[in-house]
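The residues making up each chain are set out below.
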Amino acid sequence: MWAQRVIRSFAAATNLLVCGQPFVIAAPESLARTPQVVELVGTLSAFGAHPTLITQPSELQPDATAHNFPTAQALIYVSDTPENHPTDPGRHTSPVIVYAPLSGPMTVTTGDGTLLRSPYERPAPLDTASIVSYDDGADYGRERIAWARAHMPITRAAVARLAEAGRLEGRRIGLALVLEPKTAVLALELAQAGAQVSVFGHADETRDDVAAELRTQGIAVFADSAATAQQEEALAREFLDQKLEFLLDDGSHLIRMAHDPARAPGALDSLVGAAEETTSGLRPLRAMETEGTLRIPVIASNDARSKTLFDNAYGTGQSCLLTILDLLDPASEGYPLQGRRAVVAGYGDVGRGFARLAAALGAQVSVAEIDPVRALQARMDGYSTGALVDLVSDADLCVSATGVADTISLEVLAALPDGAVVSVAGGVDQEVALEAALRAGAQWLPAPGMRAVERLRLPSGRELLVTDRGGCINCTAGEGNPIEIMDLSFAVQCAALETLIDEAERRLAGRGALLAPGLHALPASADDAVAAAAVDGWLRTPARPAASSSPTISLPSPSTSLYPSSLESRP
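Residues numbered from 1 in each chain as written. Predicted model: local features only at pLDDT ≥ 70, side-chain atom pairs only at ≥ 80, totals over all residues. Heavy atoms only, no water.

Just to check I follow, could you spell out the overall build of the protein for this structure?
For the protein, the count of helices and strands is 18 helices and 21 strands. The buried share of the protein, reckoned over its 571 residues, is 58%. (Helix = DSSP H or I, 4+ residues; strand = E, 2+ residues; numbered from the N terminus. Buried < 20%, exposed > 50% of the residue type's maximum accessible area, 1.4 Å probe, protein only.)

What exactly am I supposed to notice about the confidence of the model for the protein here?
Atom-level detail of predicted coordinates should not be read off regions where pLDDT is low. Considering every residue of the protein, the mean pLDDT works out to 89; 88% of them sit at 70 or more. With pLDDT under 50 throughout, residues 123-137 is counted as low confidence; its partners more than four residues away or in other chains account for 36 contacts. (pLDDT = per-residue confidence, 0-100. Contact = heavy atoms within 4.5 Å.)

I keep staring at the environment of Asp-394 and nothing clicks. Help me out?
Summarising the element assignment, Asp-394 is placed in the loop between helix H13 (388-391) and strand E16 (397-400). Residues contacting Asp-394, with those up to four places away along its chain left out, are Arg-341 and Pro-417. Side chain to side chain, Asp-394 and Arg-341 meet in a polar contact 2.9 Å long. (Polar contact = N/O pair within 3.5 Å; in protein donor to acceptor, adjacent residues only side chain to side chain.)

Even after reading the chapter, I still don't get the sheet that holds strand E2 (residues 50-56), so can you show me in this structure?
Think of a sheet as strands paired side by side through backbone hydrogen bonds, with each pair either parallel or antiparallel. A sheet is described by the order of its strands in space; here 6 strands give the open sequence E2-E1-E3-E4-E5-E6, paired in mixed fashion. Looking along the sheet, the strands with just one partner apiece sit at the ends: E2 and strand E6 (115-116). Examined bridge by bridge, strand E1 (residues 22-28) and strand E3 (residues 74-79) share 4 bridges and lie parallel to one another. When the sheet's bridge partners are listed, Ala-26 is paired in E3 with Tyr-77. Helix-sheet contacts for helix H1 (residues 2-14) involve E1, E3, strand E4 (96-101), strand E5 (107-110) and E6, and the interaxial angle to E4 is about 150 degrees. (Pairing = 2+ DSSP bridges. Axes fitted to C-alpha atoms, helices over the stretch in contact; angles between N-to-C directions.)

Can you walk me through the pairing of E2 in this structure?
Successive side chains on a regular strand alternate, one facing one side of the sheet and the next facing the other. Counting buried residues in E2 gives 7 out of 7 residues, a clear majority hidden from the surface. Residues His-50, Thr-52, Ile-54 and Gln-56 line one face of E2 and the alternating positions Pro-51, Leu-53 and Thr-55 line the opposite face, and both faces are buried. Following the chain from E1 across helix H2 (residues 35-47) to the adjacent parallel E2, one finds a crossover that is right-handed. (Right-handed = clockwise from strand over helix to strand, strands pointing away.)

Just checking my understanding: could you explain unusual backbone geometry for this structure?
Working note: non-glycine residues mostly have negative phi, and peptide bonds are mostly trans. If you check the backbone angles, Ser-252 has positive phi at about 60 degrees while not being a glycine. As for its placement among the helices and strands, Ser-252 is situated in the loop between strand E10 (246-249) and helix H8 (253-258). According to the relative accessible area criterion, Ser-252 is buried, its value standing at 0%. In this structure, Ala-452 is a non-glycine residue whose phi angle is positive, near 55 degrees. Summarising the element assignment, Ala-452 is placed in the loop between strand E18 (443-446) and strand E19 (453-457). Owing to a relative accessible area of 23%, Ala-452 belongs among the partly exposed residues under this scheme.

When you look at the UniProt feature "signal peptide" (unreviewed entry) in the protein in this model, what are you seeing that I'm missing?
The positions UniProt marks with the feature "signal peptide" (unreviewed entry) are residues 1-26. Taken end to end, residues 1-26 is 50% helix and 19% strand, and its two terminal C-alpha atoms sit 19 Å from one another. (UniProt positions renumbered as here; feature names shortened; annotations may be inferred.)

Explain the pattern of salt bridges here, please?
Pairing between side chains of opposite charge can happen when their charged atoms approach one another. Counted according to the given criterion, the structure contains 25 salt bridges. Notably, a salt bridge pairs Arg-171 with Glu-245, separated by 3.0 Å at the nearest N-O pair. Within this pair, whereas Arg-171 is found in the loop between helix H4 (153-164) and strand E7 (172-176), its partner Glu-245 is found in the loop between helix H7 (229-240) and E10, the two being separated by 74 residues in sequence. Classification of Arg-171 as buried rests on a relative accessible area of 15%. Relative accessible area serves as the criterion here: at 11%, Glu-245 is assigned to the buried category. (Salt bridge = Lys/Arg side-chain N within 4 Å of Asp/Glu carboxyl O.)

Hey, could you run me through the sheet that holds strand E13 (residues 341-345) in this one?
If you walk across this open sheet you meet the 8 strands as E15-E14-E13-E16-E17-E20-E19-E18, and the pairing is mixed. Bordering the open sheet on either side are strand E15 (384-385) and E18, each of which pairs with just one other strand. Bridging between E13 and E16 involves 4 bridges; their strand directions are parallel. For Ala-345, the partnering residue across the bridge sits in E16 and is Ser-400.

Got a minute to help me understand the packing of aromatic side chains in this structure?
The description of an aromatic ring pair rests on the distance of the ring centres and on the angle between the ring planes. Per the counting criterion, the structure on display carries 6 aromatic pairs. Centre to centre, the rings of Phe-10 and Phe-23 are 5.2 Å apart; their planes meet at 80 degrees, and the pair counts as edge-to-face. In this pair, Phe-10 sits in helix H1 while Phe-23 sits in strand E1, placing the two residues 13 residues apart along the sequence. Judged by relative accessible area, which is 3%, Phe-10 ranks as buried. (Phe/Tyr/Trp six-rings, centres within 6.5 Å; stacked < 30°, edge-to-face > 60°.)

Is there a simple way to think about the nonpolar core in this case?
Ranked by size, the top nonpolar core spans 123 residues in total, and within it Leu-175 and Leu-190 carry the most contacts. With 14 residues, helix H17 (residues 483-508) is the single largest residue contributor to this core. Apart from the residues lying within four places of it in its own chain, the contact partners of Leu-175 are Thr-183, Leu-186, Ala-187, Leu-190, Val-197, Ser-198, Val-199, Phe-200, Phe-239 and Leu-248. Listed in part, the 28 residues of the second largest apolar core include Phe-200, Leu-244, Leu-285 and Leu-294. (Core = buried A, V, L, I, M, F, W, Y, C linked by side-chain atoms within 4.5 Å.)

Structure, rendered in structure tokens:
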């Protein structure tokens, strides 16, 4: 489980991507062939990363001149104990260093030695001059936003291009997205480009430190993590009362609310169009389109290849799985997933990504999928398939990745064995039929020592562990998808925004509407441009680190920059 701990430590502290990225593992000769290090190389490879193992003659004092490490997503230093990690990381250009002793706590820093930590954990820094203590005060949100910004070149470039053409000045743009650091970067970039930006966040998807920093920077924020349902409704109404021209949504909650004059009177009067970035959000919009009740053009950002093929499979797969493990193993000792049975409901891009990474960590994965073509894909990918209610009878973990209410139904809950974990990677209300379970006599009980995990005692006496009451787990109890993935997704949203600005300019010039009310695909040329920017921007080339002056070791192939204090002075 040591390899799992290394990957989880890196992901939780940095919110960066593992898939497709190079990693350098620096280990002393005495540890380079240990089972733990061999497993780490194999697990990173199974995740889709590109690990390179470099041997060192000494744990304590590597020769900085001899070890000119190649650039990688992270430089992972292996030692036997925390006391024996190197005091000098040597010459390197990696943005992250992971100090990974085979026993004891792990520590993650930036390349220059600043401690990185998850917003949900406060690990103590190692006693070494190479690590600078992180500020635990009010600056954390600001620093986390700056960290995200440094890893979002595609979004920044997309906004800059629109700004240079003068197309954002004075535009009223609403963001109804998960309110965390990456969303803050998008909001601040748009605002610095001259747009009037408003941000809404659902209570269970709001980071208060991030919201506070946005307010400090002059952004209108309509969010409160402690808001009741009634207060959240009032915040949403106030947000939609900002006479928005463009709305970028996640889940289409605000798009749909804008169409309800009883809930948001006049919201559509100024709204040129919107963009929706989730599968579950597009589903009700398609129904509205069929019924003829969708009254504005909506760009289906989720369906862009640059979004769904990467955000859903790689980003959501990684962030949901690792968030679940962090919740179940708050002490970061390693969760015993190896050999345990994981059942994934749904084999779309999210389910496929989750299944692949769970298998990479040793789980025995089964898939329940009602679409026969996708079920066949799951079989061809090596997973057993069947009806969900049958597969869960001996499951240790059951995860819904459908985005469909009542996927984990009352019948499925009753079929799960005592102690099974239930979680959601899809993201709609009642994807787990918890209200039905409570009406049938189930009750909530605490799970001592765990954050965002509760026991659900069924009338039969069985108890299940449910993560965050069925919320979309990476958004409600984690820091969302990896930064690079959201950089890609927000670049898609910027391309959708540009399409909607084109529409607004056509109407203003009296050339008529080009986009009728309804759903519209992002133009293929825009989709391809986003992917091309990603290849040029943040995918490291070559994927495997270049040769260094340090010796490498052959192993068996694996089996499987801060913003200004206010927006008054724009650069």
